[in-house]
Amino acid sequence: GSLIPGDTLDLDLEQILGILEAVWRRGDKMLERALYAHADSVTKRFCGGAVYYRGLVEFSNVCQNDCSYCGIRNHQKDVWRYTMPEEEVVEVAKWALENGIRNIMLQSGELHTEQRLEYLERVVRAIRQETVAQDLAMRAERAKSGGAEASHASGGPVEGQLADEELGVVVSLSVGELPIDHYERLFRAGARRYLIRIETSNPDLYAALHPPPLSWEHRVECLRNLKKVGYMLGTGVMVGLPGQTLRDLAGDVLFFKEIKADMIGMGPFITQDGTPATEKWTSLYPNADKTAHMQAMFDLTTAMNALVRITMGNVNISATTALQAVIPTGREIALERGANVVMPILTPTKYRESYQLYEGKPCITDTAVQCRRCLDMRLNSVGKISAAGVWGDPASFLHP
Ligand code: 5AD
């Protein structure tokens, strides 16, 4: 039948697999173009040309897990381990609000101690309290200095549509697998979104990459618990893991739908010296042309973004930093292939080189100001604008 721009489609596993195979073989440029154009039409239907910013604060690289691909896993050597002081995290959140970023993602390695939980509760509470107060003060100031004109100058195009409850900075967490009562405590402290990638929807592949006590089943349980508690749920996968198949990737797209994810982030697997997954990758493909391989993984990742956009419609999809590690304009390209979110890194510069999950992670020597400005320009280059001043919820979550 004929396809109307903006229509979502119910694709099954074989259909998704067929499209991924075509992208992989690189024989069918027409199909690729149609896939990306249609994904972009669905993005425009739900998000217009607006792109949401989420400020990423990598507040600690201490980790008790040993995920075989990760540059900050517990047994990775020569990593200086840090945890940012609480006040410093709160300061970054306040800086974000002043700069029109109303959404902060606090990310770290996994540490399941009572101490860490209390640290997080205090940080989340402080961010909420202080940025709400700061927001009210900013609004009062703006009203005093003359209404609409001033508000237009400092806000974004959609500033006027702010709902009353969208005060301050909304806090998202990406701190791993915790018992449900910890998720509840963090929710009560004020966190409202939670990101935890399933990494792969194939339980066997998951087991090959994550030594016990990690298990695929437990991770799925965490995703379900987060939904139960009331978080907006983010998940995602890596593309090109050693041993991963196109069929696995097709399954990932259906998994996101099944788990009812509100946010999706996907990036290519990138090697990192000293990790078991990289050793395995190198032994599986000793003669690989790495540049060509990464280009293919880039295309597969953006095809996955496009497929998620087309099958799920109104979700937030992140143009991830790992895409930029492969192609300098990778994030912009992703924004034209289904993605509608970018995450400027706001981590203070002195910590960045110690949060090296993979080789060539960009922006390691940049400051938050530079990351913010750089992304503004990048959006501009593909005709998009940042929806400054809003929380940026997908309507699927606001109106379930
Ligand atoms: N390559 C790409 N992505 C990686 N991540 C961790 N290590 C790597 C790597 N080597 C991703 C994982 C994790 C997220 C924070 O970073 O998917 O969930």
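As the structure is a computational prediction, the values presented were derived from the model and not from experiment.

## As for the pairing of strand E1 (residues 50-53)
Inspection of the sheet shows E1 paired to strand E10 (residues 385-386) by 2 bridges, in the parallel sense. Looking across to E10, one finds that Val51 is bridged to Ser386. With 2 bridges joining them, E1 and strand E9 (residues 341-342) adopt parallel strand pairing. Each bridged residue has a counterpart across the sheet, and for Tyr52 the counterpart in E9 is Val341.

## Quick look at the environment of Pro268
For Pro268, the location among the structural elements is in strand E7 (residues 263-268). When the C-alpha positions of Pro268 and Glu353 are compared, they lie 20 Å apart, and in sequence the two are 85 residues distant. With residues up to four places along the chain from it excluded, the contact list for Pro268 reads Met238, Val239, Gly240, Met294, Met297, Phe298, Thr301, Ala322, Leu323 and Val326.

## Considerations on the nonpolar core
In terms of nonpolar packing, the biggest core is built from 107 residues, with Val57, Val89, Ala93, Ile104, Val171, Leu307 and Val308 touching the most fellow members. When residues in this core are grouped by element, the largest group, 10 residues, is from helix H11 (residues 290-312).

## As for helix H1 (residues 13-25)
Compared with an ideal rise of 1.5 Å per residue, which puts 13 residues at 18 Å, H1 spans 18 Å between its outermost C-alpha atoms and is within 8% of the ideal. Every buried residue of H1 is listed here: Ile16, Ile19, Leu20 and Val23. Along the axis of H1, the buried residues cluster in a sector spanning 95°; they form a single face. Turned more than 90 degrees from where H1 packs its buried face, Glu14 and Arg25 sit exposed. Looking at the buried side of H1, the elements it contacts are helix H2 (29-47), helix H9 (246-258) and H11. Among the residues trailing H1, Arg26 stands out with phi positive, at a value near 60°.

## A closer look at the packing of H9 against H11
Where H9 contacts H11, the two axes come as close as 10 Å, and the packing angle between them is 35°. Classified by chirality, the crossing of H11 by H9 is right-handed. Contacts between H9 and H11 involve Leu249, Val253, Phe256 and Lys257 from the former and Leu300, Met304, Leu307, Val308, Thr311 and Met312 from the latter. Classifying every residue of the contact of H9 with H11 gives 8 nonpolar, 1 polar and 1 charged.

## Quick notes on unusual backbone geometry
Here the bond from Pro212 into Pro213 is cis, since omega is 10°, no more than 30 degrees from zero. Its place among the elements puts Pro213 in the loop between helix H7 (203-209) and helix H8 (216-229). If you check the backbone angles, Asp78 has positive phi at about 60° while not being a glycine. Here Asp78 is to be found in the loop between strand E2 (55-60) and helix H3 (86-98).

How each quantity is defined
- Residues numbered from 1 in each chain as written.
- Predicted model: local features only at pLDDT ≥ 70, side-chain atom pairs only at ≥ 80, totals over all residues.
- Pairing = 2+ DSSP bridges.
- Helix = DSSP H or I, 4+ residues; strand = E, 2+ residues; numbered from the N terminus.
- Contact = placed C-beta atoms within 7 Å.
- Core = buried A, V, L, I, M, F, W, Y, C linked by C-beta atoms within 7 Å.
- Buried ≥ 20, exposed ≤ 12 C-beta atoms within 10 Å, placed from the backbone.
- Expected span 1.5 Å × (residues − 1).
- Arc of directions from axis to C-beta.
- Axes fitted to C-alpha atoms, helices over the stretch in contact; angles between N-to-C directions.
- Left-handed = near helix turned anticlockwise from the far one by under 90°.
- Nonpolar A, V, L, I, M, F, W, Y, C, P; charged D, E, K, R; others polar.

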